[in-house]
2 protein chains.
Amino acid sequence: MSERPISVRCSDCAVKRLCLPAGLSESDIVRLERVTRAKKIVKAGDCLYRAGNPFTALYAIRSGSFKSTIIAADGDTQVTHFSLPGELLGLDAYSGHTHPSYAEALEDSCVCVLPFNQLEILAQDVPTLQRHIYAIFSEELRGENEILLLLGKRSAETRLAALLINISSRYARRGYSSSRFLLSMPRTDIANYLGLTAETVSRLFSRFQKEGLIQVEGRDVKILDMVGLSELAGTHCSYDDSELSARQ
Amino acid sequence: MSERPISVRCSDCAVKRLCLPAGLSESDIVRLERVTRAKKIVKAGDCLYRAGNPFTALYAIRSGSFKSTIIAADGDTQVTHFSLPGELLGLDAYSGHTHPSYAEALEDSCVCVLPFNQLEILAQDVPTLQRHIYAIFSEELRGENEILLLLGKRSAETRLAALLINISSRYARRGYSSSRFLLSMPRTDIANYLGLTAETVSRLFSRFQKEGLIQVEGRDVKILDMVGLSELAGTHCSYDDSELSARQ
DNA sequence: CGATGTCTTGAAGCGCCTCAATTTCTGTGG
DNA sequence: CCACAGAAATTGAGGCGCTTCAAGACATCG
């Protein structure tokens, strides 16, 4: 896990529309760049941080993807998030001064290191940034509630359909195809995240394919019937406009 | 749902240790009081806000309790939170400018209205308050992850045991008994929150009683074997130190 | 007092898990 | 390049935990 200066600026970044620079003025972005200078490469399977590590910074994903997990006292593990470029990691660590969760790279990834005390000071000075940070926290909470609904009330097929629709729309926001993508996580992680077993997830993938909803080959997923899948998910594609929109 | 000036100041408030004033200096508390002047009485069964209502303020619970729910497109409901005095409501509303959830009073309750734009301005000026707000957001996220673990991986008995331990410790923090309390929510809400049915919850209450872990009579709960219940919950009483501790 | 909502208890059914066997994929070294 | 080992994914059969459905007990309130 090397830490080296990679000369990429926010204003050139592929995900600036989704990340902290969103909505900032040119000059404020320049100030933000001073905070986001450090980058970190995390290889697939390595952890960006582990539970118990001191909290010093937030991390913005530039490329790659991560899974967040917590481990209970008895060793039981729960995958709580899958994170894509432009999203922030570490938000849950502020209050306890240590990370309560693990962030493991699902593929070779690159993140911006955002020392939180510097970000805090900058936000004090740049109301737009401050509001954006609130919005990210708030949006994160809103999203968690949707997952609670999924885990609390929904059938296995609905859960998987909802995840596929969710990932699809998040890829779309990033300019990738919404109908075809490569899942960066293994079936076991999907199952764990959805509160299911890998076997059930595998069976569902097969069933969805048989029903003509998707076409799968390992982690390569093609959505053939977006409407049908959305109906299964029960969200009516609502994820499309559920991402953060921190206007003003 | 009346809105009237009730002359109570933060410095006199029963839950100031748990609420926004925590850690603030005398003079900063005075400034905070100017923001928190408005109170609102919400009668049992009434909603403090509903999904779709414009977001204008956060609410700090002074007395009583609330349940937060979201309603899916198909009408399915999920209880996402039970909130007690000193806790904040409305945090999930910031990003979308409207509340995504409902907050219904479980009993006659009183809240402080915190107009968010005023709070924002004050926080800009009072770093301790700013950090406290971050801490509350962050803590909230951390808590949600624990619930995900509960819903994703735990058996019905573990879920209920964990909820009882959780509520017990939250009452304790407020100076009430940790071993005996009155649940303000009906079985259906508990079941919904835990992703179970009311019948299952009822059966578990009966079983816990038969096993000598608790003594229940309707909503009146007495915990007879805190250690045993904690072991069932799998948390080893970890909820005790999981509340927000927004030092510096 | 009946009406209504909450809670409890029982019996039957189903959805997902568990266990197990096989196939496919991935990387590694000969 | 192929052989091999280990992991990941698939598929099947059986079982269990919780849900569903139904009936009754209990409390509260007009």
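Thresholds, definitions, all that
- Residues numbered from 1 in each chain as written.
- Chains lettered and ligands numbered in written order.
- Predicted model: local features only at pLDDT ≥ 70, side-chain atom pairs only at ≥ 80, totals over all residues.
- Heavy atoms only, no water.
- Pairing = 2+ DSSP bridges.
- Helix = DSSP H or I, 4+ residues; strand = E, 2+ residues; numbered from the N terminus.
- Axes fitted to C-alpha atoms, helices over the stretch in contact; angles between N-to-C directions.
- Least-squares fit on C-alpha atoms with pLDDT ≥ 70 in both.
- Contact = heavy atoms within 4.5 Å.
- Near = heavy atom within 4 Å.
- Polar contact = N/O pair within 3.5 Å; in protein donor to acceptor, adjacent residues only side chain to side chain.
- Buried area = accessible area lost by both parts, 1.4 Å probe.
- Salt bridge = Lys/Arg side-chain N within 4 Å of Asp/Glu carboxyl O.
- Nonpolar A, V, L, I, M, F, W, Y, C, P; charged D, E, K, R; others polar.
- Buried < 20%, exposed > 50% of the residue type's maximum accessible area, 1.4 Å probe, protein only.
- Parallel < 35°, antiparallel > 145°, perpendicular 65-115°, else oblique.
- Left-handed = near helix turned anticlockwise from the far one by under 90°.
- Core = buried A, V, L, I, M, F, W, Y, C linked by side-chain atoms within 4.5 Å.

Novice: Can you help me understand the sheet that holds strand E8 (residues 102-105) of chain A in this one?
Specialist: Hydrogen bonding along the main chain pairs the strands of a sheet, whether they run parallel or antiparallel. Residue and element names in this part refer to chain A. Strand order in this open sheet of 4 strands is E3-E8-E5-E6, and the pairing throughout is antiparallel. Edge strands, defined here as strands with exactly one partner in the open sheet, are strand E3 (47-49) and strand E6 (77-83). On average, each strand axis in the sheet is tilted by 30° relative to the strand beside it, whichever way the strands run. Note: strand E5 (residues 66-71) against E6, 6 bridges, orientation antiparallel. Within E6, the position partnered with Phe-66 by the bridge is Ser-83.

Novice: Is there a simple way to think about the relation of the copies chain B and chain A in this case?
Specialist: These two copies of the chain differ by a rotation about an axis and a displacement along the same axis. By a simple turn and slide, chain B fits onto chain A: the slide is 0.0 Å along the axis, the RMSD is 0.0 Å, and the turn is 180°. As the rotation angle and translation indicate, the two copies are arranged about a two-fold axis. Same-surface contact between copies: 100% of interface residues of chain B are shared with the interface of chain A.

Novice: I tried to follow the sheet that holds strand E5 (residues 66-71) of chain B on my own but got confused; where do I start?
Specialist: Residues and elements named next belong to chain B. A sheet is described by the order of its strands in space; here 4 strands give the open sequence E3-E8-E5-E6, paired in antiparallel fashion. Strand pairing shows two members of the sheet lacking a second neighbour, strand E3 (47-49) and strand E6 (77-83), which therefore form its edges. Strand-to-strand twist across the sheet, computed as the mean angle between neighbouring axes with direction ignored, equals 30°. Relative to strand E8 (residues 102-105), E5 is paired through 4 bridges, and the arrangement is antiparallel. Within E8, the position partnered with Ser-68 by the bridge is Ala-103. Strands E5 and E6 of the sheet are contacted by helix H5 (residues 187-194), whose axis makes an angle of about 105° with E6.

Novice: Sorry, what's going on with the protein's contact with DNA strand C here?
Specialist: Close contacts around DNA strand C come from 15 residues, with Ala-156 and Thr-200 of chain A together with Arg-187, Arg-203 and Ser-206 of chain B the closest. In DNA strand C, the atoms that sit within 4 Å of the protein are 61% sugar and phosphate, with bases accounting for the remainder. At 3.1 Å from a phosphate oxygen of DNA strand C is found a side-chain nitrogen or oxygen belonging to Thr-197 of chain A. The contact in question runs from a phosphate oxygen of DNA strand C to an N or O atom on the side chain of Arg-187 of chain B, over 2.8 Å.

Novice: Please clarify how the interface of chain B and chain A should be interpreted in this entry.
Specialist: By a frequent convention, interface size equals the accessible area lost on bringing the separate parts together. In this assembly, 49 residues from chain B lie in contact with 49 residues from chain A. Interface of chain B and chain A: buried area, both sides summed, is about 4500 Å²; carbon and sulfur atoms make up 58% of it. Summed over the three residues of chain B that lose the most area to chain A, namely Tyr-134, Leu-141 and Leu-148 of chain B, the buried surface amounts to 16% of that side. Along the contact surface separating chain B from chain A lie 4 salt bridges. One salt bridge in this structure joins Asp-76 of chain B and Arg-154 of chain A, with 3.1 Å as the shortest N-O distance. Summed over the shared surface of chain B and chain A, the number is 21 residue pairs in polar contact (both at pLDDT 80 or more). Element by element, the count of residues in the side of chain B that touches chain A is highest for helix H3 (residues 127-153) of chain B, at 21 residues. Residues that form the side of chain B that touches chain A fall into these classes: 19 nonpolar, 16 polar and 14 charged.

Novice: Can you help me understand the protein's contact with DNA strand D in this one?
Specialist: Taken together, the neighbourhood of DNA strand D is formed by 16 residues, with Ser-202, Arg-203 and Ser-206 of chain A together with Ala-156 and Thr-200 of chain B sitting nearest. When the atoms of DNA strand D within 4 Å of the protein are sorted by group, sugar and phosphate make up 61%. Between DNA strand D and Arg-203 of chain A, the relevant distance is 2.7 Å, taken from a base nitrogen to a side-chain nitrogen or oxygen of the residue. Note that a base oxygen of DNA strand D is positioned 3.0 Å from one of the side-chain N or O atoms of Arg-203 of chain B. Listed by contribution, the elements that provide at least two residues to the surface near DNA strand D are helix H5 (187-194) and helix H6 (198-210) of chain A together with helix H6 (198-210) of chain B. It is H6 of chain A that contributes the most residues to the surface near DNA strand D, 4 residues altogether.

Novice: Explain the environment of Tyr-176 of chain A here, please?
Specialist: Residues and elements named next belong to chain A. Counting through the fold element by element, Tyr-176 comes out in the loop between helix H4 (156-173) and strand E10 (180-182). Classification of Tyr-176 by relative accessible area gives exposed; the value is 54%. Separated by 22 residues in the primary sequence, Tyr-176 and Ala-198 have C-alpha atoms spaced 27 Å apart.

Novice: Help me understand the packing of helix H4 (residues 156-173) of chain B against H5 of chain B, please; the structure alone is not making it clear to me.
Specialist: Helix-helix packing: each pair is described by the crossing angle between the helix axes and the interaxial distance. Residue and element names in this part refer to chain B. Where H4 contacts H5, the axes come no closer than 10 Å and their chain directions differ by 115°. Between H4 and H5, the angle falls in the class roughly perpendicular. Classified by chirality, the crossing of H5 by H4 is right-handed. Within the contact between the two elements, H4 uses Arg-159, Leu-160 and Leu-163 and H5 uses Ile-190, Tyr-193 and Leu-194.

Novice: What exactly am I supposed to notice about the packing of H4 of chain B against helix H7 (residues 226-233) of chain B here?
Specialist: Residue and element names in this part refer to chain B. At a minimum axis distance of 7 Å, the contact between H4 and H7 shows a crossing angle of 125°. Here H4 is positioned oblique relative to H7, judged by the angle of their axes. Like other packed secondary-structure pairs, H4 and H7 cross with a definite hand, here left-handed. The segment H4 lies against H7, with Glu-157, Thr-158, Ala-161, Ala-162, Leu-164, Ile-165 and Ser-168 engaging Met-226, Leu-229, Ser-230, Leu-232 and Ala-233.

Novice: When you look at the nonpolar core in this model, what are you seeing that I'm missing?
Specialist: If you look at the biggest cluster of nonpolar residues, it comprises 71 residues, and the most contacted ones within it are Phe-205 of chain A together with Phe-205 of chain B. Setting aside chain neighbours within four positions, we find Phe-205 of chain B in contact with Leu-160, Leu-164, Leu-183, Arg-187, Ile-190, Ile-214, Val-216 and Val-221 of chain B. Counting 56 residues, the second largest nonpolar core, distinct from the first, contains Phe-137 of chain A together with Val-35, Phe-55 and Phe-137 of chain B.

Novice: Explain the pairing of strand E12 (residues 220-223) of chain B to me, please; I cannot follow it from the model alone.
Specialist: On a regular strand, one side chain projects to one face of the sheet and the next to the other, so that they alternate. Residues and elements named next belong to chain B. Side chains Val-221 and Ile-223 of E12 all project onto a buried face; the interleaved residues Asp-220 and Lys-222 project onto a face where none is buried. Pairing geometry for strand E10 (residues 180-182) and E12, over 3 bridges, is antiparallel. Residue pairing in the sheet places Arg-180 in a bridge with Lys-222 of E12. Judged from the 4 bridges that link them, strand E11 (residues 214-217) and E12 form a sheet pairing that is antiparallel. Its bridge partner lying in E12, Gln-215 is registered against Lys-222.

No statement about biological role is implied by the geometric values presented.
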